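This is what each chain is made of:
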Amino acid sequence: MFIFDLELVNFRNYVRAHIRLDRGLNLFVGDNAQGKSNLLEAIYLLSTLRSSRASQDSDLVRRDILESDFPVARLACQVERAAGNLALELAIIGRTIDPAHRAGKRVRVNGVPRKASEAVGQLCAVLFTTLDIDIVAGPPLMRRRYLDMMISQVDRGYLRAMQKYARVIQQRNSLLKRIQAREAQAHELTFWDQELAHAGGTIYWARADALGHLALQAEQQMERLSDGLESLTLIYRPSIGGLDQYDAPIDDAEWTGRMIRALQAARPREIAAGATLVGPHRDDVEILIDGMPADAFASRAQQRTAALAMRLAEASYLRRALGDDPVVLLDDVLSELDARRRRALLEYIDTFQQTLVTTADPDRLRDIYTRASGRFVVNAGTITRFEGE
Ligand code: ATP
Ligand code: MG
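Along each chain, the written sequence defines residue order, and numbers are assigned to residues from 1. Each chain gets a letter, beginning with A, and each ligand a number, beginning with 1, in the order they are written. With pLDDT at 70 or above as the cut-off, local features in this predicted model cover only qualifying residues; side-chain atom pairs require 80 or more to be listed or tallied, and sums for whole chains, interfaces and linings still use all residues. As a convention, hydrogens and water are excluded, and side-chain values are obtained from all of the structure's heavy atoms.

An unreviewed UniProt entry annotates the protein as DNA replication and repair protein RecF of Tepidiforma thermophila. UniProt positions are given in the numbering used here, feature names are shortened, and annotations may be inferred rather than shown by experiment. The record held by UniProt for the protein lists under Subcellular location (unreviewed entry) the comment "Cytoplasm". Its UniProt record gives the protein a comment under Sequence similarities (unreviewed entry), which states: "Belongs to the RecF family."

Following this line, the structure appears as C-alpha cells:
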C-alpha cells in the first residue's frame, strides 16, 4: 500500500499541512525541531492509533489551541491498497470543555465512524527510529511492545485479547490484594485463573507464530546488514515457567493446563505480592548476537544493527500477514549507519511500495537524495515540495 494524500491540522507544531506523496522514496529534509518526527508520528498514529512517543492525547494537539474552545487535532490520509482504497480520518480531542463529550480519539474509515479496534491496521506502517535500540538493550517491556504493536496491526483478535487480558489482570490483582488483606478467599481466584489462561492463550499463540517468522527473517537481515559477520537469534521466552522453544505446548488445551498449573504454583507468591506474576504480560524475547545475550555483551553498533534487523523482520512479517506492503517510515536512522549498512538496508526497503525518510543532514545522504522520487523541506511546521537538485 502507499499513501498518496496526507493532511495534518493542529497536530503538534503543524497549523495545517497538506501534501501529495509519491510511490517509492519520499525524502523529508529539515533542521532540528522543525516537525520531521511529528510528521512520521502522525502516520504511525493513523496506523496504530497509538503515539510512537508514548504521549498523552493532549500532547498531540497544537499547544496554542489547547486552551481554546475547539482543542482538536485532525489527521487524514488517502491510501491505495490491495484491499481497496482507504480514506482514514482521525480527530484527537485534547481537552473537554463540555462534560457531555469525552476527550480522546475519534476515527472514520471511508467516512464511517469506527471503533478504534476496527480502525487499527487499516493503514499499515512500520516505523524505524533511533530509539529502536531499546528493543535490544532495554527491559522486556520494550520487546513485548514491539510484538504487540506489530501483531495488533494485522490481527484484530489479538487486539481484543490484549484488551480483555488487561482487564482480567486488573480484576485479578485487586482480588489478590483483597485475599492478602483477608477480605476474600483464595478459591475465588479459580474463575480468574481460567479467564487469564483463556485470553492469555490467544496472545501466546499469536506471539509464538509471529516469532517463528520473525526469528528467521531477523537472522537473515542481520546476516545481510553485517556482510555475514554477525549472527542474530531470537527466542520466545513465555512466562509460564520452564518453557523453551524445544518444549512448546502442542495445543490450546495443553497451554491452558500449563498456565493453570503455573498459576497454582505461584499462588502463595502472588498473594504475598498482590499481583499476577505469570502470563504473557511477563513474556520476553531473548536476543542473542553471535550466541551471547545482546543486552549484556554486544557493542552499541551491534545492538543498533540487531534492532534494525528486527524492524526489517517486522516489515516482512506485516507484508506476509497482510498480503500487501506496509508503508515504511525511517526517522533519522540512515545518518547513523555506515554506507555499506545503508546500502543493505535500502536494497531491502526498495522492495516495498513506499518509504518516507527524514534527515537533518542531506549532505551525508547524497545517495538517497538522488534516488528519491519526492523531496520535501520541513520548516517550522510547514512542508514544501521541491523539484530539481
Ligand atoms: P530533530 O531533527 O531534532 O529530530 P524534528 O524535525 O524531528 O527534529 P520534531 O520532533 O518533529 O522535530 O518536533 C518539532 C517541534 O514540535 C519541537 O520543537 C516540539 O517542541 C514541537 N511540538 C511538539 N509537540 C507540540 C505541540 N503539542 N504543540 C506545539 N508544538 C509541539
Ligand atoms: Mg526527529
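A.B. asks: How should the overall build of the protein be read in this particular structure?
C.D. replies: Secondary structure follows DSSP: runs of H or I at least 4 residues long count as helices, runs of E at least 2 residues long count as strands, and numbering of each begins at the N terminus. Scanning the protein for helices and strands turns up 12 helices and 15 strands. Computation of the radius of gyration draws on C-alpha atoms, with the globule rule given as 2.2 Å multiplied by the number of residues to the power 0.38. The C-alpha atoms of the protein give a radius of gyration of 22 Å, which matches the 21 Å a tight globule of 389 residues would have. By principal-axis analysis of the C-alpha atoms, the protein measures approximately 70 × 60 × 35 Å. Per-residue burial over the protein gives 53% buried out of 389 residues. In this description, contact between two residues means that some pair of their heavy atoms is separated by no more than 4.5 Å. A fraction of 71% describes how many contacts in the protein between residues 6 or more apart in sequence connect residues 24 or more apart. Remark: exposure states derive from per-residue accessible area (1.4 Å probe, protein chains only) relative to the maximum for the residue type, with buried under 20%, exposed over 50%, and partly exposed in between.

A.B. asks: Before we go on, may I ask you to explain the sheet that holds strand β1 (residues 2-11) in this structure?
C.D. replies: Pairing between two strands requires that DSSP report at least two bridges joining them. Across the sheet, 6 strands lie side by side as β2-β1-β4-β5-β6-β7; this open sheet has antiparallel pairing. Strands at the two margins of the open sheet, each flanked by one partner only, are β2 (14-20) and β7 (112-114). Averaged over all pairs of adjacent strands, the angle between strand axes in this sheet comes to 20°, irrespective of strand direction. Bridge analysis of β1 against β2 gives 6 bridges, and the strand direction is antiparallel. Of the residues in β2, the one forming a bridge with Asp-5 is Arg-20. Sitting on the sheet, helix α1 (residues 36-48) touches β1, β2, β4 (72-80), β5 (86-93) and β6 (104-109), and the angle it makes with β1 is about 110°. Only C-alpha atoms enter the line fits that serve as axes; for helices the fit covers just the stretch in contact. Angles between N-to-C directions range over 0 to 180 degrees.

A.B. asks: Looking at this structure, how should I read the UniProt feature "binding site: ATP" (unreviewed entry) in the protein?
C.D. replies: UniProt tags Gly-30, Asp-31, Asn-32, Ala-33, Gln-34, Gly-35, Lys-36 and Ser-37 as "binding site: ATP" (unreviewed entry). The annotated residues that sit in the lining of the largest pocket are Ser-37. Within the secondary structure layout, Asp-31 lies in the loop between β3 (24-29) and α1. A relative accessible area of 56% means that Asp-31 is categorised as exposed. Once you skip the residues sitting within four places of it in the chain, Asp-31 turns out to touch Lys-36 and Val-378. Both cavities and pockets are sets of points on a 1 Å grid over the protein atoms alone; in a cavity a 1.4 Å probe fits but cannot get out, in a pocket the set is open with protein on both sides within 12 Å along at least five of seven lines, and lining residues sit with an atom within 4 Å of a point.

A.B. asks: When you look at the pairing of β4 in this model, what are you seeing that I'm missing?
C.D. replies: As paired elements, β1 and β4 share 7 bridges and run antiparallel to each other. Paired with Leu-8 across the two strands is Leu-75, which belongs to β4. Both β4 and β5 contribute to a ladder of 8 bridges, which runs antiparallel. Across the sheet, Val-72 pairs through a bridge with Ile-93, a residue of β5. The antiparallel hairpin formed by β4 and β5 contains 5 residues in its connecting segment, where Gly-84 sits at a positive phi of about 105°.

A.B. asks: Just checking my understanding: could you explain the nonpolar core for this structure?
C.D. replies: Within this scheme, the nonpolar core is defined by two criteria: the residues are buried Ala, Val, Leu, Ile, Met, Phe, Trp, Tyr or Cys, and they are joined through side-chain atoms within 4.5 Å. In this structure, Leu-6, Leu-123, Leu-232, Leu-234 and Leu-345 are the most contacted members of the largest nonpolar core, which totals 123 residues. Residue contributions to this core peak at 15 residues, all from helix α7 (residues 189-225). The contact partners of Leu-345, leaving out residues within four places of it in the chain, are Phe-128, Leu-225, Leu-308, Leu-312, Leu-330, Leu-334 and Leu-337.

A.B. asks: Teacher, can you tell me more about the packing of helix α6 (residues 156-180) against α7 here?
C.D. replies: Two quantities define a packed helix pair, namely the angle between the helix axes and the distance between the axes. It is the contact of α6 with α7, at a shortest axis distance of 9 Å, that shows an interaxial angle of 150°. It follows from the interaxial angle that α6 and α7 lie roughly antiparallel. Crossing angle aside, the handedness with which α6 passes α7 is left-handed. Just so you know the grouping, Ala, Val, Leu, Ile, Met, Phe, Trp, Tyr, Cys and Pro go in nonpolar, Asp, Glu, Lys and Arg go in charged, and all remaining residues, Gly too, go in polar. Classifying every residue of the contact of α6 with α7 gives 15 nonpolar, 4 polar and 5 charged. For classification purposes, an angle smaller than 35 degrees is called roughly parallel, one larger than 145 roughly antiparallel, one from 65 to 115 roughly perpendicular, and anything else oblique. Left-handed describes a crossing whose near helix is turned anticlockwise from the far helix through less than a right angle; right-handed describes the clockwise counterpart.

A.B. asks: What am I meant to see in the pattern of salt bridges here?
C.D. replies: A side chain of one charge can pair with a side chain of the opposite charge when the charged atoms of the two come close. Criterion for a salt bridge: a side-chain nitrogen of Lys or Arg within 4 Å of a carboxyl oxygen of Asp or Glu. The tally for this structure, following the rule as stated, stands at 28 salt bridges. For the salt bridge of Arg-62 with Asp-64, the shortest nitrogen-to-oxygen distance reads 3.6 Å. Look at Asp-64 and you get exposed, because its relative accessible area is 66%. Within this structure, Glu-7, Arg-16, Arg-74 and Glu-89 form a network of salt bridges that share partners.

A.B. asks: For this particular structure, what's the right way to read the packing of aromatic side chains?
C.D. replies: Describing an aromatic ring pair means giving the distance of the ring centres and the angle of the ring planes. Each aromatic pair joins two rings of Phe, Tyr and Trp (for Trp, the six-membered one) with centres within 6.5 Å, and gets the label stacked for planes under 30 degrees apart, edge-to-face for over 60, and tilted for any other angle. As enumerated under the stated definition, the model contains 7 aromatic pairs in all. Centroid distance Tyr-348 to Phe-352: 5.5 Å. Interplanar angle 75°. Geometry classified as edge-to-face. For the pair Tyr-348 and Phe-352, a shared accessibility class is recorded, and that class is buried. Taking the centre distance of 6.2 Å and the plane angle of 35° together, the rings of Tyr-369 and Phe-386 count as tilted. Taken together, the positions of Tyr-369 in helix α12 (residues 366-371) and Phe-386 in the segment after β15 (382-385) put the pair 17 residues apart, joining distant regions of the chain. Residue Tyr-369 is classed as buried on the basis of its relative accessible area of 9%. Given the relative accessible area of 23%, Phe-386 is considered partly exposed. Three or more aromatic residues joined by ring pairs make a cluster, and in this case those are Tyr-204, Trp-205, Tyr-236 and Trp-255.

A.B. asks: In this structure, what is going on with the site of ligand 1? I would like to understand it.
C.D. replies: Summary of the distance rule: residues count as near a molecule or strand when at least one heavy atom falls within 4 Å of that molecule or strand. Not every one of the 15 residues close to ligand 1 is listed here, only the nearest: Asn-32, Ala-33, Lys-36, Ser-37 and Asp-59. Measuring from an oxygen atom of ligand 1, one finds a backbone N or O atom of Gly-35 at 3.0 Å. Counted as a polar contact is a pair of N or O atoms within 3.5 Å, where, for protein atoms, one must be capable of donating a hydrogen and the other of accepting one, and residues adjacent in sequence contribute only when both atoms are in side chains. Take Arg-53: an N or O atom from its side chain is 3.0 Å from an oxygen atom of ligand 1. When ligand 1 sits alone it has 660 Å² of accessible area, and the protein chains cover 76% of it. Among the elements that take part in the shell around ligand 1, α1 stands out by supplying 3 residues, more than any other. Split into classes, the residues belonging to the shell around ligand 1 amount to 2 nonpolar, 6 polar and 7 charged. Here the open area of atoms and residues is found with the Shrake-Rupley method and a 1.4 Å probe, where only the protein chains shown may cover a residue.

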